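For reference, the chains in residue letters:
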Amino acid sequence: MSNISIIGTGNMARTIGARAIAGGNTVEVMGRNQPKAADLAKALGGGATTGEWGTAPAGDIVIVALLHDGVVPAVAQYGDALAGKVIVDISNPFNSTFDGLAHREQTSIAQEVAKAAPAGASVVKAFNTIFRHVLEKGRPDVFLAGDNAQAKARVEAFVESLGLRPLDVGGLRMAHWLEGAGVVTVGLANHGVGNLDFALGITELPVSE
Ligand SMILES: NC(=O)c1ccc[n+]([C@@H]2O[C@H](COP(=O)([O-])OP(=O)(O)OC[C@H]3O[C@@H](n4cnc5c(N)ncnc54)[C@H](OP(=O)(O)O)[C@@H]3O)[C@@H](O)[C@H]2O)c1
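For every chain, the first residue of the written sequence is number 1, and numbering continues from 1 onward in sequence order. Per-residue local features are limited, in this predicted model, to residues with pLDDT of at least 70; the limit for side-chain atom pairs, both in listing and counting, is 80 or more; totals at the level of whole chains, interfaces and linings are taken over all residues. Here the side-chain values reflect all heavy atoms present in the structure, with hydrogen atoms and water set aside.

1. Focus: the overall build of the protein chain
Working definition: helices are DSSP H or I runs of at least four residues, strands are E runs of at least two. Numbering for both runs from the N terminus. Scanning the protein chain from terminus to terminus reveals 7 helices and 8 strands. Across its three principal directions, the C-alpha atoms of the protein chain cover 50 × 40 × 35 Å. The proportion of buried residues among the 209 residues of the protein chain is 49%. Within the protein chain, contacts between residues separated by at least 24 positions form 67% of all contacts whose residues are at least 6 apart in sequence. Using a 1.4 Å probe, the Shrake-Rupley method yields the accessible areas, and only the shown protein chains count as cover for residues. As displayed, the protein chain offers around 10100 Å² of accessible surface, 51% of which is attributable to carbon and sulfur atoms. Between the centroid of the 16 positive side chains of the protein chain and the centroid of its 20 negative side chains there is a distance of 5 Å. Relative accessibility decides the category of a residue: with a 1.4 Å probe and only protein chains considered, values under 20% of the type maximum give buried, values over 50% give exposed, and everything between is partly exposed. Note on contacts: a residue pair qualifies if any of its non-hydrogen atoms lie within 4.5 Å across the two residues. Residues scored as charged are limited to Lys and Arg (positive) and Asp and Glu (negative), so that His and the chain ends carry no count. Charged side chains are reduced to one point each, which is NZ for Lys, CZ for Arg, CG for Asp and CD for Glu.

2. Examining the packing of aromatic side chains
Paired rings are identified among Phe, Tyr and Trp, the last through its six-membered ring, by centres lying within 6.5 Å, and are further divided according to the angle between planes into stacked (under 30 degrees), edge-to-face (over 60) and tilted (the rest). What the rule picks out here adds up to 4 aromatic pairs. Ring plane angle 50° and centroid distance 5.5 Å describe the contact between Phe 94 and Phe 98, whose orientation is recorded as tilted. You can call Phe 94 buried: its relative accessible area is 19%. Residues Phe 127 and Phe 158 carry aromatic rings whose centres are separated by 6.4 Å and whose planes lie at 70° to one another, so their mutual orientation is edge-to-face. Remark: Phe 158 occurs in helix α6 (residues 149–161) and Phe 127 occurs in the loop between β6 (122–126) and α5 (132–137); sequence separation between them is 31 residues. Both residues of the pair, Phe 127 and Phe 158, belong to the buried class.

3. Some remarks on the sheet that holds strand β3 (residues 49–50)
In this description, strands pair whenever DSSP reports at least two bridges between them. Read from one edge of the open sheet, 8 strands run β3-β2-β1-β4-β5-β6-β7-β8, paired in mixed fashion. Of all the strands in the sheet, the pair left with one neighbour each is β3 and β8 (166–170). Pairing between β6 and strand β7 (residues 142–146): 3 bridges, direction antiparallel. Bridge pairing links Val 124 to Gly 146 in β7. A fitted line through C-alpha atoms represents every axis, and for helices the fit uses only the stretch in contact; the resulting angles, taken between N-to-C directions, go from 0 to 180 degrees. Where helix α7 (residues 175–190) meets the sheet, it contacts β5 (86–89), β6, β7 and β8, and its direction lies at approximately 150° from that of β7.

4. A look at helix α1 (residues 11–22)
The terminal C-alpha atoms of α1, which comprises 12 residues, lie 17 Å apart, in line with the 16 Å expected from a rise of 1.5 Å per residue. Every buried residue of α1 is accounted for by Met 12, Ala 13, Thr 15, Ile 16, Gly 17, Arg 19, Ala 20 and Ile 21. Count one or two residues on from α1 and you reach Gly 24, which has phi positive near 85°. The span expected for a helix works out to 1.5 Å for each residue beyond the first.

5. Comments concerning the site of the ligand
Near is defined per residue: the residue qualifies when any heavy atom it owns lies within 4 Å of the molecule or strand. Around the ligand there are 21 residues in total, and Met 12, Arg 32, Lys 36, Leu 66 and Arg 132 lie nearest to it. Polar contact is the term for a pair of N or O atoms within 3.5 Å; when the atoms are in protein, one must be able to donate a hydrogen and the other to accept it, and sequence-neighboring residues count only if both atoms are side-chain atoms. Within the backbone of Asn 11, a nitrogen or oxygen atom sits 2.9 Å from an oxygen atom of the ligand. Contacts to the ligand include Met 12, whose backbone N or O atom sits 2.7 Å from an oxygen atom. Protein coverage of the free-state accessible area of the ligand, which is 900 Å², stands at 76%. Mapping the ligand onto the cavity grids shows that it belongs to the largest pocket. Of all the secondary-structure elements, those providing two or more residues to the shell around the ligand are α1 and α3 (68–78). Site definitions follow a grid-based scheme: protein atoms alone, a 1 Å grid, a 1.4 Å probe that fits but cannot get out for cavities, and for pockets an open set with protein on both sides within 12 Å along at least five of seven lines, plus lining residues having an atom within 4 Å of a point. Pocket or cavity membership: a molecule qualifies when more than half of its atoms sit within 2 Å of the grid points of that site.

Structure, rendered in structure tokens:
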């Protein structure tokens, strides 16, 4: 069981929160709009609580479920309240035409979060390649990236509690490519697949001798 705090009260906060509770984890919801956070905690049930925006989260794992341009400012605003936490960035910084990233440099929101996070916090990128409704109903693979092995192990244990398979893609610099994979997912939805009812995943073949 993990203790999770979710910063955000939107669709992904609701979906991850619901799965987290179904998986036997504790959930705290924090939103810049306190009544929205309280409403979401109530809707989630399962003992979900509400925390005050900007204060120390109760959870050891803090999932930041905000629109991409709000993620780094929120982490900076929380500041030392996030010391020692595992911060999970799930954002997709799409450009305005959804065929590229909003940042021009080879960085990622997760890497920028790591720069803004207090000492002792670790950042993991996860969940961004999965459409919300697929996460709600399906059993998609969850790709994750991060520099701290212990932090990744904790997020992996959380992902497993949701009944999903975590797949480590490497260090935090790989978050840039996970964000690129988010762009690929949208491209597939708009072209080759033609709908949103799928997820990127790994098919393993028998290991050759
Ligand atoms: N939806 C998906 O299928 C999906 C899939 C993978 C990843 N993601 C990523 O997950 C994140 C959340 O997506 P979502 O679908 O949950 O979005 P959403 O339903 O629009 O919710 C966005 C949340 O962010 C908050 N917010 C927005 N700008 C903010 C700011 N500047 N400062 C503080 N809070 C801010 C909103 O608060 P208010 O309600 O107060 O405005 C709301 O709680 C995004 O980064 C998205 O790229 C989404």
